[in-house]
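Descriptive structure summary
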Amino acid sequence: MDQLELFDLPNPCIGVCQSNSRGYCMGCLRSRDERFNWHQKPVEERARILKLLAQRRARLNAKTKKDNDAPQSGESLDLF
């Protein structure tokens, strides 16, 4: 039996509609196919896309943190 969604799933669009080099929106991290006709997609598909976006956001945040934690060129490492 499918679980009933009590609330409409939100549109993750934040109004930054630019694609990166891999074709994902830089604002919401959706692909073109995932963005197209969002409100007409079945609830199950929108829920699946939202889970994918959470995974993409976590990977992006981890990469950004790793890049920020790496010492810059010419910067000495703090050993203590």
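Residues numbered from 1 in each chain as written. Predicted model: local features only at pLDDT ≥ 70, side-chain atom pairs only at ≥ 80, totals over all residues. Heavy atoms only, no water.

So, on to the packing of aromatic side chains. Any two aromatic rings considered together are summarised by their centre-to-centre distance and by the angle between their planes. Scanning the entire structure with this criterion turns up 0 aromatic pairs. When the ring centre of Trp-38 is taken as origin, the NZ or CZ atom of Arg-30, which lies over that ring, is 5.0 Å away. (Phe/Tyr/Trp six-rings, centres within 6.5 Å; stacked < 30°, edge-to-face > 60°. Lys NZ or Arg CZ within 6 Å of the ring centre and 35° of its normal.)

What follows deals with the pattern of salt bridges. The tally for this structure, following the rule as stated, stands at 4 salt bridges. Of the charged contacts, one joins Lys-41 and Glu-45 as a salt bridge, the two residues approaching to 3.7 Å between their closest N and O atoms. Lys-41 gets classed as buried once you look at its relative accessible area, which sits at 12%. With its nearest N and O atoms 2.9 Å apart, the salt bridge here joins Lys-63 to Asp-67. Residue Lys-63 and its partner Asp-67 are both found in helix 2 (residues 43–69); the two are separated by 4 residues, about one turn of the helix. (Salt bridge = Lys/Arg side-chain N within 4 Å of Asp/Glu carboxyl O. Buried < 20%, exposed > 50% of the residue type's maximum accessible area, 1.4 Å probe, protein only. Helix = DSSP H or I, 4+ residues; strand = E, 2+ residues; numbered from the N terminus.)

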